[in-house]
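# Results of the structural survey
One-letter residues, chain by chain:
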Amino acid sequence: MIRAGVLLFSAEGIAVIERVRDGLTYYVLPGGQVDPGETVAEAARRESLEELGLHVRILGAVAVVTFRESNQHYFLAEALGGDFGTGDGPEMDSPVDSEAGSYRAMWLPPARYGELKPKPIGAALAAVPDPLAVANEWLDTPVVFDEPG
């Protein structure tokens, strides 16, 4: 399976989807499965609108994470417009007590980047004083991470 997502930074932190499922709360980068006939960049833009309520410009590929049977492609993005937190993708209406759990767009502050999934990206961003500068460096040579499953 191929998935696509974004790294979107603001003064408040990085855009994430807070997931509450089976009594656990965790934070994932916005993104999802690439649809047939869609490029990974197109999927990342679509998922940003569906999950965050934002139109974004893709600045470039920054990371690929291999996780189980999935290749996850991440892009650095900038917001062009929209209203953060108004995503209307089908998963956004999922109640916390459902099998899928709940989804909520939020800004994760830099002090909490270590909680971010995929874990390799979260750890890399948490380990540096300027995560946006590191993400911009990844535009030159996107990083590849294997995440144990």
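Residues numbered from 1 in each chain as written. Predicted model: local features only at pLDDT ≥ 70, side-chain atom pairs only at ≥ 80, totals over all residues. Heavy atoms only, no water.

### Some points on unusual backbone geometry
Put simply, the test is: Each helix is a run of H or I in the DSSP string that is no shorter than four residues. Each strand is a run of E no shorter than two, and both are numbered from the N terminus. Exposure is judged per residue with a 1.4 Å probe applied to protein chains only, and the accessible area is read against the type maximum: over 50% gives exposed, under 20% gives buried, and values in between give partly exposed.
The omega torsion of the bond from Lys117 to Pro118 falls at 5°, within 30 degrees of zero and hence cis. Looking at the element boundaries, Pro118 is found in the loop between β8 (116-117) and α2 (119-126). With a phi close to 50°, Asp22 is a non-glycine residue in the positive phi region. Note on placement: Asp22 falls in the loop between β2 (13-21) and β3 (24-28). Judged by relative accessible area, which is 68%, Asp22 ranks as exposed.

### As for the layout of surface pockets
In this approach, a probe sized like a water molecule rolls over the atoms, and the result shows the empty space that is left. Note the following rule: With a 1 Å grid spanning the protein atoms alone, the term cavity applies to any set of points in which a 1.4 Å probe fits but cannot get out, the term pocket to an open set with protein on both sides within 12 Å along at least five of seven lines, and the term lining residue to any residue with an atom within 4 Å of a point. Grid points are joined across faces, edges and corners, and a volume is the space filled by probe spheres set on the points. Each residue gets one label: Ala, Val, Leu, Ile, Met, Phe, Trp, Tyr, Cys and Pro are nonpolar, Asp, Glu, Lys and Arg are charged, and the others, such as Gly, are polar.
The space that makes up the largest pocket amounts to roughly 760 Å³. Elements supplying a minimum of two residues to the lining of the largest pocket: β1 (2-10), β2, β3, β4 (31-33), α1 (40-52) and β6 (70-82). Broken down by class, the residue content of the lining of the largest pocket amounts to 12 nonpolar, four polar and 12 charged.

### Comments concerning the pairing of strand β7 (residues 102-108)
Remember that side chains alternate between the two faces of the sheet whenever the strand is regular. Going by this rule: When DSSP finds at least two bridges between two strands, those strands are taken to pair.
Where burial is concerned, most of β7 is hidden: six out of the seven residues are buried. Pairing geometry for β2 and β7, over seven bridges, is antiparallel. The residue of β7 that forms the bridge with Ile17 is Ala105.

### A look at the pairing of β2
Burial analysis of β2 places eight of its nine residues in the buried class, which makes it a mostly covered element. The antiparallel pairing of β1 with β2 creates a hairpin that spans two residues between the two strands. Where β2 meets β3, five bridges bridge the pair, whose relative direction is antiparallel. Bridge pairing in β3 links Ile17 to Val28. Counting the residues between successive antiparallel strands, the hairpin from β2 to β3 contains two residues, one of them, Asp22, with a positive phi of roughly 50°.

### Observations regarding the nonpolar core
So the rule is basically this: Among buried residues, those of type Ala, Val, Leu, Ile, Met, Phe, Trp, Tyr and Cys that are joined through side-chain atoms within 4.5 Å constitute a nonpolar core. When checking whether two residues touch, look at their non-hydrogen atoms; a contact exists if any pair is within 4.5 Å.
If you look at the biggest cluster of nonpolar residues, it comprises 22 residues, and the most contacted ones within it are Leu7, Ile14, Ile121, Leu125 and Trp138. Elements supplying a minimum of two residues to this core: β1, β2, β5 (54-67), β6, β7, α2, α3 (131-140) and β9 (143-147). Residues in contact with Ile14, not counting those within four places in the same chain, are Leu7, Leu8, Phe9, Leu29, Met106, Trp107, Leu108, Tyr113, Leu116 and Leu125. Residues Ile17, Ala43, Leu54 and Tyr103 belong to the second largest nonpolar core, which totals 18 residues.

### Some words on the packing of aromatic side chains
Applied cut-off: Pairing of aromatic side chains here covers Phe, Tyr and the six-membered ring of Trp, requires ring centres within 6.5 Å, and sorts the geometry by plane angle: under 30 degrees stacked, over 60 edge-to-face, intermediate tilted. Remark: a charge is flagged as sitting over a ring if the NZ atom of Lys or the CZ atom of Arg is within 6 Å of the ring centre and within 35 degrees of the ring normal.
Considering all chains together, one arrives at three aromatic pairs under this definition. Seen in terms of ring centroids, Phe84 and Trp107 are 4.4 Å apart; in terms of plane orientation they differ by 20°. Their pairing is stacked. With a gap of 23 residues between them, Phe84 in the loop between β6 and β7 and Trp107 in strand β7 connect regions that are remote in the sequence. Under the relative-accessibility criterion, Phe84 is labelled partly exposed at 22%. Ring geometry for Trp138 and Phe145: centres 6.1 Å apart, planes at 70°, overall edge-to-face. Phe145 shares its class with Trp138; the two are buried. Over the aromatic face of Tyr103 sits the side chain of Arg19, whose NZ or CZ is 3.8 Å from the ring centroid. For Lys117, the ring lying beneath its charged end belongs to Tyr26, and the centroid distance is 4.6 Å.

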